[in-house]
Amino acid sequence: MYLMVNFVQQEIENDLKEGKYSDGIHTRFPPEPNGYLHIGHAKSVCLNFGLAAHNNGLCNLRFDDTNPTKEDTEYVDSIQEDIKWLGFDWDDRKFFASDYFGKLYDYAVELIKRGLAYVDDSSADEIREMRGTLTEPGKESPCRNRSIEENLNLFERMKAGEFEDGAKVLRAKIDMASPNMNMRDPVIYRITRTHHHRTGDDWLIYPMYDFAHPLSDAIEKITHSVCTLEFEDHRPFYDWLLDSLDFDKNSRPRQIEFARLDLTNTITSKRKLRQLVEEKHVRGWDDPRMPTLSGMRRRGFTPAAIRNFCAEIGVAKSNSLVDIAMLEHCVREDLNENADRIMAVLNPLKVVLTNVDAGKVEWLTAENHPTKGGSRFVPFTREIFIERDDFMEDAPKKFFRLKPGGEVRLKHAYIIKCEEVIKDDSGNITELHCTIDPTSKSGGETAGRKIKGTVHWVSADYALKAEVRLYDYLLTTDEKGNLPEDFIGALNPDSLIVIENALVEPSVKLTGAGVHFQFLRLGYFVTDYDTTPEKLVFNRVAGLKDSWAKVKG
RNA sequence: AGGGGUAUCGCCAAGUCGGUAAGGCACGGGAUUCUGAAUCCCGCAUGCGUUGGUUCGAGUCCAGCUACCCCUGCCA
């Protein structure tokens, strides 16, 4: 299904070769429910579920909900919807770190009993000061050598609510002089009187990520715990914890880190995305300009396109910035294959075909797809609209479209010749008078005459009005990676252009939301959720590649 | 006395016993075309951060440099 030739897969194969994990491979996707999933998460979802599938194993969905101050059920719902939409299934293996709060507490008690954890009365500031710096070792807390009995007693009272928020923490007892800051007696439990979205007010103390994650992995019998590079420094603690609690080295989970996805022209910081939503720079989490999966879904990206993208960019450990052209290539590839073609005119220029009778309609046959076939009827009448860009009064030699005295083929219809250009008083072109070559009808016996240009069009009498939303990057092309804090000023003011009165052919009349089309010669579009029986609304997913734009400069 | 990572084409990325640099995107050229799309050809690293070394032979091994990323939350 996907190309799984990456270094993580190789590590798995090495483990298997060594006889480890003989019960099968088990991964997990562990989002924190504090925001919507975005394209960067898709990489992780594809990796974790893909690895499991490739190795005939399983992948769990586990919400890492250990910090109730930031998390919410709105996010757990959207995350599940997005993963399913992407095409992955956790079956009945949906878990929450909060499912394990009881067990986690017991493990913490066990750690205390083994003399490997202690309750510290120091304040957050004091702990920070005693931690030392990158180049200087830390100092041991005065509480570090409390007796096991006292620690047990204090920890139980922390749980029971005898102390204020922040008054005490539970810390692992490792090495305050370690060059790895994560090993300088990391905090593993804190007191926070916050309502949890699942456990309610049952708990006053919550485990930290570093403590909860390895144990949650172990409880679920995860074999390979794949995460991003910034957790590399946490791996020694991950191993220390499982070691200290006697988890078997041949079957316990192993953490492997890979580089997160960074995309040009794109904001992938959860915090910044939330800011865009909260300050209403976009219409919501599912605004089609957002790199969230819900935004991309609404924009018209397909699950297959995103999966292929994730497969094509690969998985490695070097920090990289992927060109968004790669993503666009993947949607075009999918939609070229699967989207039906229709004709739509975004910026209409009226054309009167002077040798066609007024009131006459000819229903022409139009293929839906150049290779997959299917067809529909398209009405042809005396008055039509073409794209304004398809006519030029003073055209350069390489302009294959319509010009005064020139000829062009109307797709699926006739060759027309421009006889007269009509202008208003200020010299603006208001309409064209053209004649058709009646012998040139598409598909007809005498249709063989070759004409360089072909243009799309729509009948003035039958065309449907539609709103078309054209999207561009939120960040203009110069923005590579590092965004300043005040990135709001760098937002592209033209990221959304609404065309209120576009015209589409009548065949799409009863189309609901989420249907893809290629507007011939314009790009790929999808009907938006705002579409109603009365009003069609289209989002542009991506434009077609345009070599004329390059010639034109 | 900080520690942990990463460096192969404009952007991703293969390269697993050292044997003479995959592929995709982008880009350029051509063919074809009732979408200036798609498709099809062709081109695109004497070069693998850098300097030395080992070797008949090094992207791959050794040593030293350099650059960039991450780490001093009671966030994940």
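S.K.: What's the story with the protein's contact with RNA strand B in this structure? I'm lost.
M.R.: Surveying the vicinity of RNA strand B reveals 67 residues, the closest of which are Arg-341, Phe-400, Arg-401, Ser-442 and Ser-547. At the level of secondary structure, the elements contributing two or more residues to the surface near RNA strand B comprise helix 5 (124-130), strand 6 (187-191), helix 11 (303-313), helix 12 (324-338) and helix 13 (547-552). In terms of residue count, helix 12 provides more of the surface near RNA strand B than any other element does, four residues in total. Among the residues forming the surface near RNA strand B, the class breakdown is 23 nonpolar, 21 polar and 23 charged.

S.K.: Where do I start with the pattern of salt bridges in this structure?
M.R.: Close approach of charged atoms lets side chains of opposite charge pair. This model, assessed by the stated rule, comprises 41 salt bridges. For Lys-168, the salt bridge identified is with Asp-121, shortest N-O distance 3.0 Å. Within this pair, whereas Lys-168 is found in the loop between helix 6 (148-160) and strand 5 (169-172), its partner Asp-121 is found in the loop between strand 4 (117-120) and helix 5, the two being separated by 47 residues in sequence. Residues joined in a network through salt bridges with shared partners are Asp-286, Arg-298, Glu-467, Arg-469, Asp-528, Asp-530 and Lys-535.

S.K.: Would you explain helix 7 (residues 209-219) in this entry?
M.R.: Helical geometry note: an α-helix holds 3.6 residues per turn, so side chains three or four residues apart project in the same direction. Counting buried residues in helix 7 gives nine out of eleven residues, a clear majority hidden from the surface. Burial in helix 7 covers these residues: Asp-210, Phe-211, Ala-212, His-213, Pro-214, Leu-215, Ser-216, Asp-217 and Ala-218. A positive backbone phi angle near 55° is found at Lys-221, which sits one or two residues after helix 7.

S.K.: I keep staring at the state of the cysteines and nothing clicks. Help me out?
M.R.: As used here, a disulfide is simply a covalent bond connecting the sulfur atoms of two cysteines. With the rule as written, the count across this model stands at zero disulfides. Between Cys-227, a free cysteine, and Cys-59, which holds the nearest cysteine sulfur, the sulfur-to-sulfur gap is 14 Å. No disulfide involves Cys-310; its sulfur sits 3.9 Å from the nearest other cysteine sulfur, which is in Cys-46.

S.K.: Just checking my understanding: could you explain the sheet that holds strand 12 (residues 348-353) for this structure?
M.R.: The strands making up a sheet are joined through hydrogen bonds of the backbone, oriented either antiparallel or parallel. Strands sit in the order 19-16-17-18-12-15-20 across an open sheet of seven strands; the sheet is mixed. Of all the strands in the sheet, just strand 19 (454-455) and strand 20 (457-459) have a single pairing partner and so form its edges. Judged from the three bridges that link them, strand 16 (residues 407-410) and strand 17 (residues 415-423) form a sheet pairing that is antiparallel. Of the residues in strand 17, the one forming a bridge with Val-408 is Ile-416.

S.K.: Explanation requested: the nonpolar core in the structure shown.
M.R.: Most often, soluble globular proteins keep nonpolar side chains buried together rather than apart. Ile-39, Phe-49, Ile-83, Leu-293, Ile-306 and Phe-309 are the most contacted members of the largest nonpolar core, which totals 39 residues. Put simply, the parts of the chain that give this core at least two residues each are helix 2 (39-54), strand 2 (58-63), helix 3 (73-86), helix 10 (293-299), helix 11, helix 12 and strand 24 (523-527). Top contributing element to this core by residue count: helix 2, with six residues. Leu-293 has contacts with Leu-37, His-38, Ile-39, Ala-42, Asp-82, Trp-85, Leu-86 and Ile-306, leaving out every residue within four places of it along the chain. If you look at the next biggest cluster of nonpolar residues, it comprises 33 residues, including Phe-155, Met-158, Phe-163 and Met-183.

S.K.: Help me understand the packing of aromatic side chains, please; the structure alone is not making it clear to me.
M.R.: How two aromatic rings sit relative to each other is given by the distance of their centres and the angle of their planes. In total, this model carries 21 aromatic pairs according to the counting rule given. Between Phe-63 and Phe-96, the aromatic rings sit 5.0 Å apart at their centres with planes inclined by 20°, giving stacked as the arrangement. Here the residue Phe-63 occupies a position in strand 2, and Phe-96 occupies one in strand 3 (residues 94-96), the gap between them amounting to 33 residues. The residues Phe-63 and Phe-96 share a single accessibility class, namely buried. Where Tyr-107 meets Phe-247, the ring centres are 5.8 Å apart and the plane angle is 50°; that geometry is what we call tilted. Residue Tyr-107 is found in helix 4 (residues 101-113), and its partner Phe-247 is found in the loop between helix 8 (235-244) and strand 9 (254-258); the two are separated by 140 residues along the sequence. An aromatic cluster is defined as three or more aromatic residues linked by ring pairs; in this entry it consists of Phe-101, Tyr-105, Phe-155, Tyr-189, Trp-203, Tyr-206 and Phe-211. A cation over an aromatic ring shows up here: Lys-159 above the ring of Tyr-105, its NZ or CZ 4.8 Å from the ring centre. Here Arg-297 stacks its cationic end above the ring of Trp-85, 5.2 Å away from the centre of that ring.

S.K.: I would appreciate a short explanation of the sheet that holds strand 1 (residues 26-29) in the present structure.
M.R.: Judged by pairing direction, the sheet is parallel, and its three strands sit side by side in the order 1-2-3 without closing on themselves. Two strands close off the open sheet at either side, each with one partner strand: strand 1 and strand 3. With direction set aside, neighbouring strand axes in the sheet form an average angle of 35°. By the bridge criterion, four bridges tie strand 1 to strand 2 in an arrangement that is parallel. Directly across from Arg-28, in strand 2, lies its bridge partner Asn-60. Packed onto the sheet, helix 2 meets strand 1 and strand 2 and runs at close to 160° relative to strand 1.

S.K.: Could you clarify how one ought to interpret unusual backbone geometry in this entry?
M.R.: Among all residues except glycine, the phi angle is most often negative; among peptide bonds, the trans geometry is most common. Unusually for a residue other than glycine, Asp-185 sits at a positive phi of about 50°. Take Asp-185: it is sitting in the loop between strand 5 and strand 6. Its relative accessible area of 1% is what places Asp-185 among the buried residues. A positive phi is found at Arg-521, a non-glycine position, where the angle reads about 70°. For Arg-521, the position within the fold is in the loop between strand 23 (516-519) and strand 24.

S.K.: I tried to follow the side chain of Asn-368 on my own but got confused; where do I start?
M.R.: Its location among the elements puts Asn-368 in the loop between strand 13 (362-367) and strand 14 (375-380). Look past the residues within four positions of Asn-368 in its chain and what remains in contact with it is Asp-340, Arg-341, Gly-373, Gly-374, Ser-375 and Arg-376.

S.K.: Is there a simple way to think about the environment of Val-515 in this case?
M.R.: By the secondary structure assignment, Val-515 is in the loop between strand 22 (496-504) and strand 23. Accessibility expressed as a relative area gives 32% for Val-515, which makes it partly exposed. The spatial distance from the C-alpha of Val-515 to the C-alpha of Asp-528 is 8.3 Å, given a sequence separation of 13 residues.

S.K.: What is the right way to read the pairing of strand 15 (residues 383-387) from this model?
M.R.: Look at any regular strand and the pattern is simple: side chains alternate between the two faces of the sheet. The buried fraction of strand 15 is high, at four of five residues. The sheet contact formed by strand 12 and strand 15 spans five bridges and is antiparallel. Within the sheet, the bridge partner assigned to Val-352 lies in strand 15 and is Glu-383.

S.K.: I keep staring at the pairing of strand 5 and nothing clicks. Help me out?
M.R.: Residues Val-169 and Arg-171 point to one face of strand 5 and Leu-170 and Ala-172 to the other, with burial holding for every one of them. Note: strand 4 against strand 5, four bridges, orientation antiparallel. Bridge pairing in strand 5 places Tyr-118 opposite Arg-171. Two elements, strand 5 and strand 6, share three bridges in a ladder whose sense is antiparallel. When the bridges of strand 6 are listed, Val-169 appears paired with Arg-190.

Conventions adopted
- Residues numbered from 1 in each chain as written.
- Chains lettered and ligands numbered in written order.
- Predicted model: local features only at pLDDT ≥ 70, side-chain atom pairs only at ≥ 80, totals over all residues.
- Heavy atoms only, no water.
- Near = heavy atom within 4 Å.
- Helix = DSSP H or I, 4+ residues; strand = E, 2+ residues; numbered from the N terminus.
- Nonpolar A, V, L, I, M, F, W, Y, C, P; charged D, E, K, R; others polar.
- Salt bridge = Lys/Arg side-chain N within 4 Å of Asp/Glu carboxyl O.
- Buried < 20%, exposed > 50% of the residue type's maximum accessible area, 1.4 Å probe, protein only.
- Disulfide = S-S within 2.5 Å.
- Pairing = 2+ DSSP bridges.
- Core = buried A, V, L, I, M, F, W, Y, C linked by side-chain atoms within 4.5 Å.
- Contact = heavy atoms within 4.5 Å.
- Phe/Tyr/Trp six-rings, centres within 6.5 Å; stacked < 30°, edge-to-face > 60°.
- Lys NZ or Arg CZ within 6 Å of the ring centre and 35° of its normal.
- Axes fitted to C-alpha atoms, helices over the stretch in contact; angles between N-to-C directions.

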